[in-house]
Amino acid sequence: MANMFSLLLVILTLGTGIVWALDKYVWAPRRQLKVQAAVEAAGGDVDAETAASIAPQPAWVENAASTFPVIAFVLVLRSFIYEPFQIPSGSMMPTLLVGDFILVEKFSYGLRDPVFRHKFIETGEPERGDVAVFKYPPQPNIDYIKRVIGLPGDTVQYNSRTKQLCVQPKGESRCAEIVQSDVQESEFFEGFTTLIQIDEQLTDDLSHQVLVNPKKRDREMAYQPTPGRGVWVVPEGHYFVMGDNRDNSADSRYWGFVPEANLVGKAVAIWISFEFDRDPESIISWVPTGVRFSRIGGIE
């Protein structure tokens, strides 16, 4: 859907842009010459309203030309600066909740054309701990959001029994366990089980919260690319990502690494957050029941 919208936006921008340019540099001068000729033929005795009616601008041309700057602005903003996204699932809880509407910084990982996604300007690369939006590798027409855990060349280990993450950065000789602290019961549940909330120090300057289910282990035989073995060596040009809701996230453990070409941008802020507390069977279940103003702000 996002790709189709981008394509439609490009087509509309090109179409209205061509009409705007033709009108400005071809059709408008012709209309002006026609008016001038009519005024001269009348001896100059023609009021402005009559002169304008001699060669009027067609309504479709006026509409297209006036719409072009607006559509072009939206295209540039959405393709190269910021794009809004809605969080559809709980895989990034507690960092992001269903109903959060976020802004994604499109220029964080390079500028790409909005249709073929070819990178034409390098602006930066993901850092460990970034909350990144990317094209889901098995189905690139779908956008996913996860946290970057492993960079190219890193070795990532995860023990689903102890919920312990270990990262060996490229070029280093040992795997360093990620420090966990402030372990406590969260406000979230899975069935009748209270999820545990943990502060995780992924980098020296980044601490974020994760959720784990103390009664649940990963489907380790579904790990990719090596079933049953929770160790991943990140290939060059790829990234290893995980959801903050560790036991309820389909991520790199199960479908592999994210190619650099699939990166969309970095999630930087929640601009609005809605609650949806209605019965899922209700015909108006999509209508928000409230606004979570406290969630508006930056994303860590």
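Above this text you will find the structure in question.
Predicted model, so just to flag it, every value in this text is computed and none were measured. (Residues numbered from 1 in each chain as written. Predicted model: local features only at pLDDT ≥ 70, side-chain atom pairs only at ≥ 80, totals over all residues. Heavy atoms only, no water.)

Let's talk about unusual backbone geometry
- Here the residue pair M93 and P94 is connected by a cis peptide bond, since its omega of 0° sits within 30 degrees of zero.
- The backbone phi angle of R117 is positive, close to 60°, even though this residue is not glycine.
- Among the secondary structure elements, R117 is positioned in the loop between β3 (111-112) and β4 (119-121).
- Its identity is not glycine, yet D182 carries a phi of approximately 50°, on the positive side.
- Tracing the backbone shows D182 in strand β10 (residues 179-190). (Helix = DSSP H or I, 4+ residues; strand = E, 2+ residues; numbered from the N terminus.)

Describing the sheet that holds strand β11 (residues 193-203)
- Taken in spatial order, the three strands make up an open sheet running β10-β11-β12, and their pairing is antiparallel. The open sheet has two edge strands with one neighbour each: β10 and β12 (206-212). If you compare each strand with its neighbour and ignore which way they point, the axes differ by 30° on average.
- With seven bridges connecting them, β10 and β11 associate as antiparallel partners. Counterpart to Q180 in the pairing with β11 is E200. (Pairing = 2+ DSSP bridges. Axes fitted to C-alpha atoms, helices over the stretch in contact; angles between N-to-C directions.)

Some words on the side chain of T13
- Mapped onto the fold, T13 is located in helix α1 (residues 2-41).
- Given a relative accessible area of 11%, T13 falls into the buried group.
- Separated by 2.7 Å, the side chain of T13 and the backbone oxygen of L9 make a polar contact.
- Those residues in contact with T13, other than ones at most four positions away along the chain, are F68, I71, A72 and L75. (Buried < 20%, exposed > 50% of the residue type's maximum accessible area, 1.4 Å probe, protein only. Polar contact = N/O pair within 3.5 Å; in protein donor to acceptor, adjacent residues only side chain to side chain. Contact = heavy atoms within 4.5 Å.)

What about the nonpolar core?
- One finds I149, V156, Y158, L165, W232, F240 and M242 to be the most contacted residues of the largest nonpolar core, which totals 14 residues.
- Put simply, the parts of the chain that give this core at least two residues each are β7 (155-159), β8 (164-168) and β14 (238-242).
- If we skip the residues at most four places from it in the chain, I149 touches R128, D154, V156, L165, V167, L202, F240, V241, M242 and R246. (Core = buried A, V, L, I, M, F, W, Y, C linked by side-chain atoms within 4.5 Å.)

Considerations on the sheet that holds strand β9 (residues 176-177)
- Here we have four strands laid out as an open sheet, ordered β9-β8-β7-β13, and antiparallel in their pairing. The open sheet terminates on both sides in strands that have one partner only, identified here as β9 and β13 (231-233).
- When β8 meets β9, the two strands line up antiparallel, connected through two bridges. Bridge pairing in β9 places V167 opposite A176.

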